[in-house]
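Now for the letters of each chain:
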Amino acid sequence: IGVGIFIIMTVGVVMLLSNGVNLTDGVDGLASGSSAIVGLVLGILAYVSSHHDMAGYLNTMFIPGAEELVIFAATFVGATLGFLWYNSYPAQVFMGDTGSLALGGIIGVFAIVIRKELLLFILCGVFIAEFGSSFKFTRLTRGKGQRVFKMAPLHHHFQLPGGAATEALWKRPVQKVPEAKLTMRFWLIGIILAVLTIVSMKIR
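Residues numbered from 1 in each chain as written. Predicted model: local features only at pLDDT ≥ 70, side-chain atom pairs only at ≥ 80, totals over all residues. Heavy atoms only, no water.

Enquirer: Looking at this structure, I do not really get the overall build of the protein. What am I missing?
Expert: Scanning the protein for helices and strands turns up 10 helices and zero strands. Listed by position from the N terminus, the elements making up the protein come as α-α-α-α-α-α-α-α-α-α. Computed over the C-alpha atoms, the radius of gyration of the protein is 18 Å, within 12% of the 17 Å expected from 2.2 N^0.38 for a compact globule of 204 residues. If you line up the protein on its principal axes, its C-alpha atoms span 60 × 45 × 30 Å. The buried share of the protein, taken over its 204 residues, is 42%. When contacts within the protein are restricted to residue pairs at least 6 apart in sequence, those whose partners lie at least 24 apart make up 63%. Put simply, the protein shows about 11300 Å² of open surface, and 70% of that area lies on carbon and sulfur atoms. Of the charged side chains in the protein, 15 are positive and 10 negative; the average position of the first set lies 16 Å away from that of the second. (Helix = DSSP H or I, 4+ residues; strand = E, 2+ residues; numbered from the N terminus. Rg over C-alpha atoms; globule rule 2.2 N^0.38 Å. Buried < 20%, exposed > 50% of the residue type's maximum accessible area, 1.4 Å probe, protein only. Contact = heavy atoms within 4.5 Å. Areas by Shrake-Rupley, 256 points an atom, 1.4 Å probe, with all protein chains shown as cover. Lys, Arg positive; Asp, Glu negative; His and termini not counted. Charge placed at Lys NZ, Arg CZ, Asp CG, Glu CD.)

See below:
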């Protein structure tokens, strides 16, 4: 039973993040920059888990050999930042589904290996919000499906002008947010979530 639950959880986490990163990849630099932030935090968590005293102080699982994953995390961050150099607005190259699905899968598997999959709900809040924005929850609460956002996934909501004329429940912002500004704000949210993820290791 335990093995079955672990397999279901692994598949669920990988599918959630793969699709979340894929949906996020609709604005220049958004998916690659957000993935770099997540990769940096996962590298820190792997480093902490590889040291017995540090893991004990932070009340987290000690994983012998996890220091090898720090090298992989550094490579992951370096690759995403190198790609971001040409993918930032206005983008010269695009990763497509092959790249975005792979990034999400790497993040999910990495977190599972270092036993930090539950922290993904904080750390990957941007990806999860993008994934969740594509569903209509009002069908359950009101009996009739209604758009919560002007457009899904979430980042397109801020790119679409709207106001009283739109049928979406959330009508703001009325004016379109410039793409570069939108990307920067999502990165800032990702950094805040990354800090909260690291801080939560001690306060819990």
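Enquirer: I tried to follow the side chain of Thr60 on my own but got confused; where do I start?
Expert: Mapping Thr60 onto the fold places it in the loop between helix H3 (52-57) and helix H4 (67-87). On the basis of relative accessible area, Thr60 is assigned to the buried category, the value being 12%. At 3.1 Å, the side chain of Thr60 and the side chain of Lys116 are in polar contact. (Polar contact = N/O pair within 3.5 Å; in protein donor to acceptor, adjacent residues only side chain to side chain.)

Enquirer: For this particular structure, what's the right way to read helix H5 (residues 96-113)?
Expert: Side chains three or four residues apart in an α-helix point the same way, a direct result of the helix having 3.6 residues per turn. The terminal C-alpha atoms of H5 lie 26 Å apart, and with 18 residues this matches the ideal 26 Å at 1.5 Å per residue to within 8%. Immediately beyond the C-terminal end of H5, within one or two residues, lies Arg115, with a positive phi of roughly 60°. (Expected span 1.5 Å × (residues − 1).)

Enquirer: Would you mind showing me how to read H4 here?
Expert: A rise of 1.5 Å per residue sets the reference length of H4, with its 21 residues, at 30 Å; its end C-alpha atoms lie 30 Å apart and thus fit the reference within 8%. Within H4 the residues assigned to the buried category are Ala73, Phe76, Val77, Thr80, Leu84 and Asn87. The buried residues of H4 all sit within an arc of 95° when viewed along its axis, so they share a single face. The exposed set on the far side of H4, more than 90 degrees from its buried face, consists of Glu68, Ile71, Thr75 and Trp85. (Arc of directions from axis to C-beta.)

Enquirer: I would appreciate a short explanation of the nonpolar core in the present structure.
Expert: Inside soluble globular proteins, nonpolar side chains tend to come together where they are buried. By size, the foremost hydrophobic cluster in this structure holds 42 residues, and its most contacted members are Leu42, Ile107, Leu120, Leu123 and Cys124. Listed by contribution, the elements that provide at least two residues to this core are helix H1 (2-24), helix H2 (30-49), H4, H5, helix H6 (120-123), helix H7 (125-132), helix H9 (154-159) and helix H10 (179-203). When neighbours within four sequence positions are excluded, Leu42 is seen to be in contact with Ile107, Phe110, Ala111, Ile114 and Leu123. (Core = buried A, V, L, I, M, F, W, Y, C linked by side-chain atoms within 4.5 Å.)

Enquirer: Looking at this structure, how should I read the environment of Leu45?
Expert: By secondary structure assignment, the location of Leu45 is in helix H2. Taking the C-alpha atoms as reference points, Leu45 and Gly33, 12 residues apart in sequence, are found 19 Å from one another. Those residues in contact with Leu45 that sit more than four places away from it in its chain are Ile114, Lys116, Leu119 and Met201.

Enquirer: How should I be thinking about the packing of aromatic side chains in this particular structure?
Expert: Ring pairs (aromatic) are described by centroid distance and by the angle formed between their planes. Using the criterion set out here, one finds two aromatic pairs in the structure. Taking 6.2 Å as the distance between ring centres and 20° as the angle between the ring planes, the aromatic pair formed by Phe72 and Phe110 counts as stacked. Of this pair, Phe72 sits in helix H4 while Phe110 sits in helix H5, and the two are 38 residues apart along the sequence. A relative accessible area of 7% places Phe110 in the buried class. (Phe/Tyr/Trp six-rings, centres within 6.5 Å; stacked < 30°, edge-to-face > 60°.)

Enquirer: What should I look at first to understand the packing of H2 against H7 in this one?
Expert: Each pair of packed helices can be summarised by the angle the axes make with each other and by the distance between the axes. Two elements in contact, H2 and H7, have axes separated by 10 Å at closest approach and are oriented at 135°. Considering the angle they form, H2 stands oblique to H7. Each of Leu30, Ala31, Ser34, Ser35 and Val38 in H2 lies in contact with H7, whose residues at this interface are Val126, Phe127 and Glu130. Counted by class, the contact of H2 with H7 contains five nonpolar, two polar and one charged residues. (Axes fitted to C-alpha atoms, helices over the stretch in contact; angles between N-to-C directions. Parallel < 35°, antiparallel > 145°, perpendicular 65-115°, else oblique. Nonpolar A, V, L, I, M, F, W, Y, C, P; charged D, E, K, R; others polar.)

Enquirer: Just checking my understanding: could you explain unusual backbone geometry for this structure?
Expert: The omega angle of the peptide bond from Tyr89 to Pro90 is -10°, so this bond is cis rather than trans. With respect to the secondary-structure elements, Pro90 resides in the loop between H4 and H5. For Arg115, which is not glycine, the phi torsion reads 60° and is therefore positive.

In short, the description is geometric, and any link to function would need to be established separately.
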